Amino acid sequence: MIYLYGAGGHAKVIIEILEKKNIFISGLIDVNPDIKKVLGYPVSEVLSDTLSLNGEVEIIIAIGNNVVRKKIAEKTNHMFATAIHTSANISVNALIGKGSVIMAGVTANSGVVVGSHNILNSNCCIDHDCILEDYVHISPNAALAGNVTVGEGTHVGIGACIIPGIKIGKWAIIGAGTVVIKDIPDYAVVVGNPGKVIKYNYPYKG
Ligand SMILES: CC(C)(COP(=O)(O)OP(=O)(O)OC[C@H]1O[C@@H](n2cnc3c(N)ncnc32)[C@H](O)[C@@H]1OP(=O)(O)O)[C@@H](O)C(=O)NCCC(=O)NCCS
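If you're wondering where the values come from, they're calculated on a predicted model, not measured in any experiment. (Residues numbered from 1 in each chain as written. Predicted model: local features only at pLDDT ≥ 70, side-chain atom pairs only at ≥ 80, totals over all residues. Heavy atoms only, no water.)

> Mind showing me how you'd approach the pairing of strand S24 (residues 188-191) here?
On any regular strand, side chains alternate: one points to one face of the sheet, the next to the other face. Alignment of strand S22 (residues 173-174) against S24, held across two bridges, turns out to be parallel. Along S24, the bridge assignment pairs Ile173 with Val189. Direction of pairing for S24 relative to strand S25 (residues 196-200): antiparallel, over a ladder of four bridges. Bridge pairing in S25 places Val189 opposite Lys199. If you look at the hairpin formed by S24 and S25, you'll find four residues sitting between the two strands, and Gly192 has a positive phi there, around 95°. (Pairing = 2+ DSSP bridges. Helix = DSSP H or I, 4+ residues; strand = E, 2+ residues; numbered from the N terminus.)

> Is there a simple way to think about the environment of Ile181 in this case?
Secondary-structure assignment places Ile181 in the loop between strand S23 (179-180) and S24. Linking Ile181 and Gly40, residues 141 residues apart in sequence, is a C-alpha distance of 45 Å. Setting aside anything within four residues of it in sequence, one finds Ile181 in contact with Ile163, Ile166 and Pro194. (Contact = heavy atoms within 4.5 Å.)

> Would you explain the sheet that holds strand S6 (residues 79-80) in this entry?
Ordered by their spatial adjacency, six strands build an open sheet running S3-S4-S2-S1-S5-S6, and the pairing between neighbours is mixed. Every interior strand has two partners, whereas the edge strands, strand S3 (37-38) and S6, have only one. Here four bridges tie strand S1 (residues 2-5) to strand S2 (residues 25-29), and the two strands are oriented parallel to one another. Note on S2: the bridge partner recorded for Leu4 is Leu28.

> Looking at this model, I keep getting lost on the state of the cysteines. Mind explaining?
Here, disulfide denotes a covalent bond that connects the sulfur atoms of two cysteines. Tallying each qualifying case throughout the model produces zero disulfides. Free of any disulfide, Cys125 has its nearest neighbouring cysteine sulfur in Cys124, separated by 7.6 Å. Judged by its relative accessible area of 30%, Cys125 falls in the partly exposed class. Here Cys130 stays unpaired: no disulfide links it, and the sulfur of Cys125, its closest cysteine neighbor, is 8.5 Å away. Overall, Cys130 belongs to the buried group, its relative accessible area being 0%. (Disulfide = S-S within 2.5 Å. Buried < 20%, exposed > 50% of the residue type's maximum accessible area, 1.4 Å probe, protein only.)

> Please clarify how the pattern of salt bridges should be interpreted in this entry.
Side-chain pairing between opposite charges can occur once the charged atoms of the two side chains come close. Taken as a whole and assessed by the stated rule, the structure comprises two salt bridges. In this structure, Lys70 engages Glu74 in a salt bridge whose closest nitrogen and oxygen atoms are separated by 3.5 Å. One end of the pair is Lys70 and the other is Glu74, both in helix H3 (residues 66-75) and four residues apart, which spans about a single turn. Judged by relative accessible area, Lys70 falls into the buried class, the value being 9%. Classification of Glu74 as exposed rests on a relative accessible area of 51%. A salt bridge links Lys70 to Glu152, with the nearest nitrogen and oxygen atoms 3.0 Å apart. Of the two residues, Lys70 is situated in helix H3 and Glu152 in the loop between strand S18 (149-150) and strand S19 (155-156); the sequence distance between them amounts to 82 residues. (Salt bridge = Lys/Arg side-chain N within 4 Å of Asp/Glu carboxyl O.)

> Hey, could you run me through the sheet that holds strand S12 (residues 113-114) in this one?
Backbone-to-backbone hydrogen bonds join strands into a sheet, with any given pair of strands oriented parallel or antiparallel. Taken in spatial order, the five strands of this open sheet run S9-S12-S15-S18-S21, and their pairing is parallel. A strand with exactly one partner marks an edge of an open sheet, and here the two such strands are strand S9 (95-96) and strand S21 (167-168).

> In this structure, what is going on with the site of the ligand? I would like to understand it.
By nearness alone, 14 residues border the ligand, and Ser139, Gly157, Ile158, Ala176 and Lys199 come closest of all. Measuring from a nitrogen atom of the ligand, one finds a backbone N or O atom of Ala176 at 2.8 Å. Taking Lys199, its side chain carries an N or O atom lying 2.6 Å from an oxygen atom of the ligand. When the ligand sits alone it has 910 Å² of accessible area, and the protein chains cover 41% of it. Of the residues contributing to the shell around the ligand, the split by class is six nonpolar, seven polar and one charged. (Near = heavy atom within 4 Å. Polar contact = N/O pair within 3.5 Å; in protein donor to acceptor, adjacent residues only side chain to side chain. Areas by Shrake-Rupley, 256 points an atom, 1.4 Å probe, with all protein chains shown as cover. Nonpolar A, V, L, I, M, F, W, Y, C, P; charged D, E, K, R; others polar.)

Here is the structure:
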């Protein structure tokens, strides 16, 4: 029994990933009482008590914001499911953490380790031996060369490129189209080619 937490656009993408694999979706949960249905699935504000006590319920946090995903995951006692699109090319020697969502056309090569509650967005490419910590989002068409590490909560923007062996810190933001050729410190916002730090953001202080 799978529920999605969050009923916005990201949830719609996840619904379609699960439907393609004939995985049954019980419904969605969202704090906004005005959303009643998404793609035909019922949306409620909370799980009923009966369901809350039922160990068979699995959740996917269908929220794109990395900070919000972390906060919800830390408050939730349920098991987490993963959603992996049928067209994703995931090595048998890659590990995908609980609650993570892998969209259409993603490649994750041998030795890749993806943490919990990651989003690997459409057509991103994660080459061999990359390590992604929890709550990371790799945007569409971003490419990570081999042996890159990405710290917790970092967002790699659409179409960014990261050369081999780079270490990106936690809660950093790599701007759209950025080419990263040097290690990136925690909380840095990086843009351009070659990528340069333009400021520091502190979206999450653990
Ligand atoms: C990097 C980013 C987060 C910065 O956003 P911001 O904090 O609002 O920063 P601003 O828009 O004020 O831009 C600050 C400066 O950086 C420049 N800049 C911003 N993003 C840039 C980018 N991707 N590449 C090159 N320069 C960029 C701006 O032109 C501006 O330069 P200026 O000070 O000379 O005018 C944002 O521009 C971005 O690229 N986000 C990625 C979004 C994405 O890929 N989403 C995918 C969702 S699936």
